[in-house]
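Here are the chains, one letter per residue:
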Amino acid sequence: MSDTARAAMGEANAEFRDDLAGLKNDIDDRVHRLKRNADETTRTLLDEIATGLAEFYKEVSAQGGRAVEAVEQGVENQPWLGLFVSFVLGCIVGLFVLRGD
């Protein structure tokens, strides 16, 4: 191989190494940006989930409170019916317990 060919090859190798180093830096930069964006997206999603769960909890609590009030009012208005329903439920639970033996 002639000196000119070796010099050209060495130059091509140097250019290739420079291009490869630039490509590696670009990839590292893009991976870093992707991680940062993923972290921001994850935080946003977690905030939305937490907000949704808080609203859901408030709604369920309100519905549960209304249900308890309705039962209390029903028992106050018709105490004998409440006593009868309790008796029937107790009998049903008792049957299940006895069948378990």
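Residues numbered from 1 in each chain as written. Predicted model: local features only at pLDDT ≥ 70, side-chain atom pairs only at ≥ 80, totals over all residues. Heavy atoms only, no water.

A. A negative patch on the surface, seen in detail. A cluster of acidic residues, Glu11, Glu15, Asp18 and Asp19, forms a negative patch at the surface. Of note, Glu15 is situated in helix H1 (residues 3-77). (Patch = residues over 30% accessible without salt bridge, like charges linked within 9 Å, V, L, I, M, F, W, Y side chains within 5 Å. Areas by Shrake-Rupley, 256 points an atom, 1.4 Å probe, with all protein chains shown as cover. Salt bridge = Lys/Arg side-chain N within 4 Å of Asp/Glu carboxyl O. Lys, Arg positive; Asp, Glu negative; His and termini not counted. Charge placed at Lys NZ, Arg CZ, Asp CG, Glu CD. Helix = DSSP H or I, 4+ residues; strand = E, 2+ residues; numbered from the N terminus.)

B. Highlighting the pattern of salt bridges. A full pass over the atoms with the stated rule returns two salt bridges. With a shortest N-O distance of 3.0 Å, Asp28 and Lys24 are connected by a salt bridge. Placement of both Asp28 and Lys24 in helix H1 is noted, with a separation of four residues, approximately one turn of the helix. Given the relative accessible area of 40%, Asp28 is considered partly exposed. The salt bridge involving Asp29 is made with Arg33; its shortest N-O contact spans 2.4 Å. Remark: Arg33 and Asp29 occur in helix H1; sequence separation between them is four residues, near one turn of the helix. (Buried < 20%, exposed > 50% of the residue type's maximum accessible area, 1.4 Å probe, protein only.)

C. Summary view of a nonpolar patch on the surface. On the surface, a nonpolar cluster with roughly 800 Å² of combined accessible area is contributed by Leu81, Phe84, Val85, Phe87, Val88, Leu89, Ile92 and Phe96. What makes Ile92 partly exposed here is its relative accessible area of 39%.

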